[in-house]
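The lines below spell out each chain.
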Amino acid sequence: KRSANEDYGDVYGFNLVYSGNHYESVEKSPFGKVRFLSGINPTSFEWKLSKGESFLTPEAVMTYSSMGYNGMSGQMHDFVSKHILRGPWKDRLRPVLLNSWEASYFKISESKLLRLARKAKEAGIELFVMDDGWFGERNDDTTSLGDWFPDTRKLPRGVKGICDKVRALGLDFGIWVEPEMVNRESGLYLAHPEWAMEIPGKKHSEGRNQMVLDLANVEVQDHLIKVMSKVFSSADISYVKWDMNRNFSDIFSRSLPADRQGEVTHRYILGLYRVMRELTKKFPDILFEGCASGGNRFDLGILSFFPQIWASDDTDAVCRAEIQNGYSYGYPMRTVTAHVSDCPNHQTLRRTPIETRFNVASFGVLGYECNLNDMSSNDFEAVKAQIKMYKKWREVMQFGRFYRSKSMNDSRSVDGDALGAPGYSVLDSVPGNDISWTVVSPDKTKAVSMTMQLFTHPNTQWGVLKPVGLECDYKYHIEGRKMKFDVRDFGGLINYVAPIHVKQDGLSHRTIARFYKMNSEAEAHDMYGDAMMYAGVHLKSAFASGGYNENMRY
């Protein structure tokens, strides 16, 4: 609502318990009454209802808070936690996982996966996930979707063989599937081309070389329940990532007559829910994670069956900060999975410090998606320290109340000419430069805060952290994470203090970096909650130029 912010003002929140095509509208009458509508998208939708039949519409959710966006989102989080999530994983702590995708892509083998799993165990990882490439003849994305049997050239002893060996290391084992999709180059399509959604007489529009299976067809539903049951019972599988990597374009079901094609998309969702319901009932102890290229199907319908959803295939930490910040308005962060990935990032080529990647990912359900075997010793030691720290605070992070204090949504006016920012005119409004999050334990005795600066501007050394949601008269001890930085991050500035000239990125620079680390600034304060929230924790002065020491913020 206008004039509302994160902590003050009247705010209404809405959501829909549905995973299909949806529609929302807001209209204001001539008399000032506002009406909000949410439900199935009417475009191309129709449903034949015969006498005596009924039709169940999706449920809509509304909440109101007089305490700003944080008040509204807190109520949404409580609703999802208490009334949407279900099953044994509803209130369980989620494990820290390593996913093989960005480390191996399709080029997997049992030996390569086991090397990665051994390194994962050393780092403190609890769950190892074998992603795409394990089935059929799946060496790229043009083939084998629908052929859910192991490629014995890659896995000589099948899924059970690799699973047993990973479990022998002391790790749980997980697997990737994409059951709703089919490739033309697959045994399933050759046997049942009528099961794929294609409009007769029209050239099919494929996405990622794949087609959507017709889940409006009960035969297809039965097949998926049967074949996925076989996969999930073939080994001691603890986790399933359920992917779905394309949108709907060619919508047609051969199982329905011509005059009922307007029912296809809704019948698809009902079919999907049936498949998910049957499998989660049959395998209650498996942790299922939804995914649709990330956030394309992040909704309360999916969360009614799967307790967590992959936030986005974009693992860039800066992008992810914005993405996770957006999710937080409607969803508790223990439903949002987030991974630390390699740098340069595989989606954006941005270089981001590994600590920043962890800091962002740790506010969701933490995982890693990088090649630990190729990682530098410094980064690997950082990963071990990160996982140790996360496990210590995991209960607070996953079950605490999440608050935003600063976000990219907080626009500000800048002098674009002064900043030298192309495309910005004088006093343009640009997104905020900081993101600050706090998560507080239910009893308010513990909390974790992060503040993230997106861009650096010279001579802006001053900074204040203002956590949210603390108990006013409770005395807290706050400490910053103790970290060490690579001296090469400071480039040629090493010559500011070095007794000899050090060539940047030369042998001597690399040798010094191997044995000498730069300490992070030390932050430690004892403060009451109200002082922290309203006066703020005044942070050490940020780096401005020239020298650096442990009393300076990097």
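Relevant structure appears above.
Thresholds applied
- Residues numbered from 1 in each chain as written.
- Predicted model: local features only at pLDDT ≥ 70, side-chain atom pairs only at ≥ 80, totals over all residues.
- Heavy atoms only, no water.
- Helix = DSSP H or I, 4+ residues; strand = E, 2+ residues; numbered from the N terminus.
- Rg over C-alpha atoms; globule rule 2.2 N^0.38 Å.
- Buried < 20%, exposed > 50% of the residue type's maximum accessible area, 1.4 Å probe, protein only.
- Contact = heavy atoms within 4.5 Å.
- Areas by Shrake-Rupley, 256 points an atom, 1.4 Å probe, with all protein chains shown as cover.
- Lys, Arg positive; Asp, Glu negative; His and termini not counted.
- Charge placed at Lys NZ, Arg CZ, Asp CG, Glu CD.
- Core = buried A, V, L, I, M, F, W, Y, C linked by side-chain atoms within 4.5 Å.
- Axes fitted to C-alpha atoms, helices over the stretch in contact; angles between N-to-C directions.
- Parallel < 35°, antiparallel > 145°, perpendicular 65-115°, else oblique.
- Nonpolar A, V, L, I, M, F, W, Y, C, P; charged D, E, K, R; others polar.
- Pairing = 2+ DSSP bridges.
- Patch = residues over 30% accessible without salt bridge, like charges linked within 9 Å, V, L, I, M, F, W, Y side chains within 5 Å.
- Salt bridge = Lys/Arg side-chain N within 4 Å of Asp/Glu carboxyl O.
- Expected span 1.5 Å × (residues − 1).
- Phe/Tyr/Trp six-rings, centres within 6.5 Å; stacked < 30°, edge-to-face > 60°.
- Lys NZ or Arg CZ within 6 Å of the ring centre and 35° of its normal.
- Polar contact = N/O pair within 3.5 Å; in protein donor to acceptor, adjacent residues only side chain to side chain.

### A look at the overall build of the protein chain
Argument step 1. When its secondary structure is counted, the protein chain shows 14 helices and 25 strands.
Argument step 2. Relative to the 2.2 N^0.38 estimate, which gives 24 Å for 554 residues, the radius of gyration of the protein chain is 26 Å and therefore close to what a compact globule would have.
Argument step 3. In terms of overall dimensions, the protein chain has a C-alpha envelope of 80 × 70 × 50 Å along the principal axes.
Argument step 4. For the protein chain, the proportion of its 554 residues judged to be buried stands at 51%.
Argument step 5. Restricting to contacts in the protein chain with at least 6 residues of sequence separation, those with at least 24 account for 72%.
Argument step 6. Only carbon and sulfur atoms are counted for the fraction: they give 52% of the accessible area of the protein chain, which is about 26,800 Å².
Argument step 7. If you average the places of the 69 positive and of the 69 negative side-chain charges in the protein chain, the two averages end up 3 Å apart.

### Things to note about the nonpolar core
Argument step 1. Ile125, Met130, Trp134, Trp148, Phe232, Leu303 and Tyr368 are the most contacted members of the largest nonpolar core, which has 118 residues in total.
Argument step 2. For this core, the leading source of residues is helix H7 (residues 264–282), giving 8 residues.
Argument step 3. Apart from the residues lying within four places of it in its own chain, the contact partners of Leu303 are Val80, Ile84, Leu85, Phe298, Gln308, Ile309, Tyr331 and Thr335.
Argument step 4. If you look at the next biggest cluster of nonpolar residues, it comprises 11 residues, including Leu470, Tyr476, Met533 and Val537.

### What about the packing of helix H3 (residues 110–123) against helix H11 (residues 377–399)?
Argument step 1. Orientation of H3 relative to H11, taken along the N-to-C sense of each, is 55 degrees, at an axis distance of 9 Å. Classified by the interaxial angle, the pair formed by H3 and H11 is oblique. On the side of H3, the interface is formed by Lys119, Glu122 and Ala123, while H11 contributes Phe380, Val383, Lys384 and Ile387.
Argument step 2. Within the contact of H3 with H11, the residues separate by chemical class into 4 nonpolar, no polar and 3 charged.

### Here's the deal with the sheet that holds strand E5 (residues 97–99)
Argument step 1. What the 8 strands build is a closed barrel, ordered E5-E6-E7-E10-E11-E12-E13-E14; its pairing is parallel. The mean angle between the axes of side-by-side strands here comes to 30 degrees, regardless of whether they run parallel or antiparallel.

### Focus: the sheet that holds strand E19 (residues 447–453)
Argument step 1. Spatial strand order, E15-E18-E19: 3 strands in an open sheet with antiparallel pairing. Looking at strand neighbours, the two that pair on one side only are strand E15 (401–406) and E19, the edges of this open sheet. Strand-to-strand, the axes of this sheet are offset by a mean angle of 15 degrees, without reference to chain direction.
Argument step 2. Two strands pair when backbone bridges link them, and strand E18 (residues 434–440) and E19 are joined in this way by 7 bridges, in the antiparallel orientation. Residue Val440 lies in a different strand from E19, and its bridge partner there is Ala447.

### Things to note about a nonpolar patch on the surface
Argument step 1. A cluster of nonpolar side chains, namely Tyr12, Phe14, Met62 and Tyr64, defines an oily patch on the protein surface of about 440 Å² accessible area.
Argument step 2. Contributing elements (two or more residues each) for the nonpolar patch: strand E1 (11–17) and strand E4 (59–65).
Argument step 3. Here Phe14 is to be found in strand E1.

### Topic: H3
Argument step 1. Along its 14 residues, H3 runs 20 Å from first to last C-alpha, staying within 8% of the 20 Å computed at 1.5 Å per residue.
Argument step 2. Buried within H3 are the following residues: Glu110, Leu113, Leu114, Leu116, Ala117, Ala120 and Ala123.
Argument step 3. Packing partners of the buried residues in H3 comprise E5, helix H2 (101–104), strand E6 (127–130), helix H4 (158–168) and H11.
Argument step 4. Directly beyond the C-terminal end of H3, a positive phi value near 105 degrees is found at Gly124.

### Some points on the packing of aromatic side chains
How two aromatic rings sit relative to each other is set out by the distance from centre to centre and by the angle between their planes.
Argument step 1. Tallied over the full model, the rule gives 29 aromatic pairs.
Argument step 2. On the basis of an interplanar angle of 90 degrees and a centroid distance of 5.1 Å, the ring pair of Trp101 and Phe106 is categorised as edge-to-face. Phe106 matches Trp101 in its accessibility class, with the two residues each being buried.
Argument step 3. Across the ring face of Trp89, the terminal group of Arg92 is positioned such that the distance to the ring centre comes to 4.8 Å.
Argument step 4. Positioned above the aromatic ring of Trp310, the side-chain terminus of Arg320 is 4.5 Å from the ring centre.

### Quick notes on the pattern of salt bridges
Argument step 1. For the coordinates displayed, the defined rule picks out 28 salt bridges.
Argument step 2. For Lys241, the salt bridge goes to Asp131, with nearest N and O atoms at 4.0 Å. Here Asp131 lies in the loop between E6 and H4 and Lys241 lies in strand E10 (residues 239–242), a separation of 110 residues in the sequence. Comparing Lys241 with Asp131 shows no difference in burial state: the two are buried.
Argument step 3. Here Arg167 makes a salt bridge to Asp236, at a shortest N to O gap of 3.2 Å. With Arg167 in helix H4 and Asp236 in the loop between helix H6 (218–232) and E10, this residue pair connects regions lying 69 residues apart in the sequence.
Argument step 4. Residue classification places Asp236 among the partly exposed positions, given a relative accessible area of 44%.
Argument step 5. Among the charged side chains, a network of salt bridges with common partners joins Glu110, Arg157 and Lys165.

### Looking at the environment of Glu53
Argument step 1. If you trace the backbone, Glu53 turns up in the loop between strand E3 (34–40) and E4.
Argument step 2. The class of Glu53 is partly exposed, set by a relative accessible area of 45%.
Argument step 3. Along the backbone, Glu53 and Arg254 are 201 residues apart, and their C-alpha atoms lie at a distance of 23 Å.
Argument step 4. Among the polar contacts made by the side chain of Glu53, one reaches the main-chain amide nitrogen of Ser50 at a distance of 2.9 Å.

### Here we look at unusual backbone geometry
Excluding glycine, residues mostly carry a negative phi; peptide bonds, for their part, are mostly trans.
Argument step 1. The step from Cys343 to Pro344 runs through a cis peptide bond, and the omega angle for that step is 0 degrees.
Argument step 2. Within the fold, Pro344 resides in the loop between strand E13 (336–341) and helix H10 (354–361).
Argument step 3. Of note in this structure, Arg208 is not a glycine but carries a positive phi near 50 degrees.
Argument step 4. Residue position: Arg208 is located in the loop between helix H5 (187–191) and strand E9 (211–212).

### Let's talk about H4
Argument step 1. Residues Gly158, Val159, Gly161, Ile162, Cys163 and Val166 constitute the buried set of H4.
Argument step 2. On the buried face of H4, the contacting elements are H3, E6 and strand E7 (172–177).
Argument step 3. In the segment just after H4, Gly170 is the residue with positive phi, at about 100 degrees.

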